[in-house]
Amino acid sequence: MMGAAFAAALTSVSAASIAQDKLNLRLSSVNSATDQRAVALDTKFGPAIADFATFEPHWGGTLFKQGTELEAISRGNLEMSISSAQELANFYPEFSVFSAGYLHRDAAHQVAVFNDPLMQPFKDKVEAELGVKLLSIMYLGRRQVNLNSDKEIKTPADMAGFKLRMPPSDAWQFLGKALGANPVPVPFAELYTALQTGAVDGQDNPLPTVMDAKFYEVTKQIVLTSHLVDLNYLTISKKAWDSLSPENQAKLQKAADEACEFGRQNQLAKEAELVEGLKAKGLKIYEPDLAAFRDTVQKAYLGSDFSKAWPEGIVDKINALAK
Ligand code: KDO
C-alpha cells in the first residue's frame, strides 16, 4: 500500500514534470497590449494552444527593442515576434519587395501573397539561416502620412524638407525618401516624444496606430496617402516549432492563422471608422493627389538597388494575385 505522502509526492512530481514539458513561448513586440494584433494573440492564440504551450507576450517592447527580436530568436533568447519585411530585408534584401510602397492592394492580397508558392523560398531561407519560421501574416493597415504642421500636402514635392520619422531599418528609410521627405530613424517607443518636441515633423502609420499610440495628441493632420498596405509576420523559433509533435504543430498553426484573421478583421473595422474618429480628436484629414504619390513611389522602388535583389518576375506574380 503506497503511503499517502509518497503518492502525493508522485502526483506533484508528475504534475510538475507535465508543467515543465509545456513549451514556453515568449513573444516580444513594441505594440501596445490594446493594439488589435495583441488583442488577437492574447484572446485567441494563447488559449488555443494552452494544453501544450504557454503563451507569454511582452508588449510595449519591454523585453527586446524594436528590430532586435529576430536576432534574439536566432540566438535562442526569444521564441516569437511580430516582425516586418523591412526588418527581414536587413538580413535578406529580397524581402524588401514585400515592403515596397503601393504594391500590396489590400489585406486579402497580403494573405494571397503569403500563401502563394512564390513565398516558399523566402520562408525556407529564413528558417534555414535564421532559425525563424514565418508562421502567419498579420494586417497592420494602410500607412498614412501624419504631420504636426498645417501645410497642405498634395504631391511628394510638398513633402520636401519635412523630417519624416520612419522606423530605423534601411528599407523604411527608403520609403520615407520615396515619399519626398527627409527620413529620420526613430524607434517606435520614442516616437510620441519626437513628435511632441518637434524633433520630427511627422510620422507614418495606419490610423489605428495613430489612435492607439495617441499620436493625434501631438500632430495636426493626416494625409491619406495609403502609401503602404503594411503587414507583419507572426514568427516562431524553428527550435520551438520542431520541439512540438506534428499534431501540436497543426494546432499551433491553426491557432496562429485564426488569431491573425481575427486581428485582421478588427483592424479593418477600426480603419473604417477612424477617419471620423480622428477628425473628432481634432485632426484635419486631407486627400492628396494619389496618382502623383503612387507614380513617384513606384518609380523610386523600381529604380532602387532593393529591386535588383528581387527574384525575376516577382512583381508581376504579386500583381497577378490581387483580386
Ligand atoms: C513603426 O515603427 O512605425 C511600426 O509601424 C513598424 C511596424 O513594422 C511594426 O514594428 C509597428 O511599428 C509596431 O508593431 C507598433 O505598431
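Details of the structure are given in the entry above.
Residues numbered from 1 in each chain as written. Predicted model: local features only at pLDDT ≥ 70, side-chain atom pairs only at ≥ 80, totals over all residues. Heavy atoms only, no water.

Caption draft 1: Just the site of the ligand, in detail. Near the ligand, the surroundings consist of 13 residues, among which Arg37, Gln66, Arg143, Arg165 and Asn205 are the closest. In the environment of the ligand, an oxygen atom lies 2.8 Å from a nitrogen or oxygen atom belonging to the side chain of Gln66. Between an oxygen atom of the ligand and a side-chain N or O atom of Arg165, the distance comes to 2.7 Å. For the ligand, whose free accessible area comes to 370 Å², the fraction covered by protein is 98%. (Near = heavy atom within 4 Å. Polar contact = N/O pair within 3.5 Å; in protein donor to acceptor, adjacent residues only side chain to side chain. Areas by Shrake-Rupley, 256 points an atom, 1.4 Å probe, with all protein chains shown as cover.)

Caption draft 2: Local environment of the packing of helix α7 (residues 170–178) against helix α12 (residues 290–302). In contact at an axis separation of 9 Å, α7 and α12 are set at 135° when each is read in the N-to-C sense. The orientation of α7 with respect to α12, classified from their angle, is oblique. Crossing of α7 against α12: the hand is right-handed. Where α7 approaches α12, its residues Ala171, Phe174, Leu175 and Ala178 are matched on the opposing element by Thr296, Val297, Ala300 and Tyr301. Taken together, the residues that form the contact of α7 with α12 break down as seven nonpolar, one polar and no charged. (Axes fitted to C-alpha atoms, helices over the stretch in contact; angles between N-to-C directions. Helix = DSSP H or I, 4+ residues; strand = E, 2+ residues; numbered from the N terminus. Parallel < 35°, antiparallel > 145°, perpendicular 65-115°, else oblique. Left-handed = near helix turned anticlockwise from the far one by under 90°. Contact = heavy atoms within 4.5 Å. Nonpolar A, V, L, I, M, F, W, Y, C, P; charged D, E, K, R; others polar.)

Caption draft 3: Examining the nonpolar core more closely. If you look at the biggest cluster of nonpolar residues, it comprises 49 residues, and the most contacted ones within it are Phe95, Phe98 and Tyr233. When residues in this core are grouped by element, the largest group, five residues, is from strand β4 (residues 132–147). (Core = buried A, V, L, I, M, F, W, Y, C linked by side-chain atoms within 4.5 Å. Buried < 20%, exposed > 50% of the residue type's maximum accessible area, 1.4 Å probe, protein only.)

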